[in-house]
Amino acid sequence: TERRLERAREILASQDFSALASEAHTLVNTANSVGAVNVSALARSIEAVCRGERTGNLTELVDELCEASYRSSEEFRRLLKASDEPDSKQTKSTS
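Right, let's walk through the structure included here. Quantities reported herein were computed from a predicted structural model and do not represent experimental measurements. (Residues numbered from 1 in each chain as written. Predicted model: local features only at pLDDT ≥ 70, side-chain atom pairs only at ≥ 80, totals over all residues. Heavy atoms only, no water.)

1. Examining the side chain of Glu47
Then, in step 1: Inspection of the secondary structure puts Glu47 in helix H3 (residues 37-50).
Then, in step 2: Given the relative accessible area of 11%, Glu47 is considered buried.
Then, in step 3: Separated by 3.0 Å, the side chains of Glu47 and His25 make a polar contact.
Then, in step 4: Look past the residues within four positions of Glu47 in its chain and what remains in contact with it is Ala21, Ala24, His25 and Val28. (Helix = DSSP H or I, 4+ residues; strand = E, 2+ residues; numbered from the N terminus. Buried < 20%, exposed > 50% of the residue type's maximum accessible area, 1.4 Å probe, protein only. Polar contact = N/O pair within 3.5 Å; in protein donor to acceptor, adjacent residues only side chain to side chain. Contact = heavy atoms within 4.5 Å.)

Here it is in structure tokens:
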């Protein structure tokens, strides 16, 4: 996903809005598959702006998307780490 976000920034800089819409669409699906609702909503907004379905500042939206993706990734890492830690109630030995 980090690579896709980098690519979205590169595409935005080149002003290839069709390619940015396609990249955003892929991010919508990826984010939905892991439950990152905010990331998905931002990517959907980018897609809609690129297709002329709504107005918006693409630079701001891409920045928000990157930040939301970072926050979601950090939260997933935190949850994975917590799930790897043994539950103290289950690991207590009875002596």
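From this point, the narrative continues.
2. Comments concerning H3
Then, in step 1: Look at H3: 20 Å from first C-alpha to last across 14 residues, which is about the 20 Å you get at 1.5 Å a residue.
Then, in step 2: Most of H3 is tucked away: ten of the 14 residues are buried.
Then, in step 3: Taken together, the buried positions of H3 are Val39, Ser40, Leu42, Ala43, Ser45, Ile46, Glu47, Ala48, Val49 and Cys50.
Then, in step 4: Following H3 by one or two positions, Gly52 has its phi on the positive side, about 80°. (Expected span 1.5 Å × (residues − 1).)

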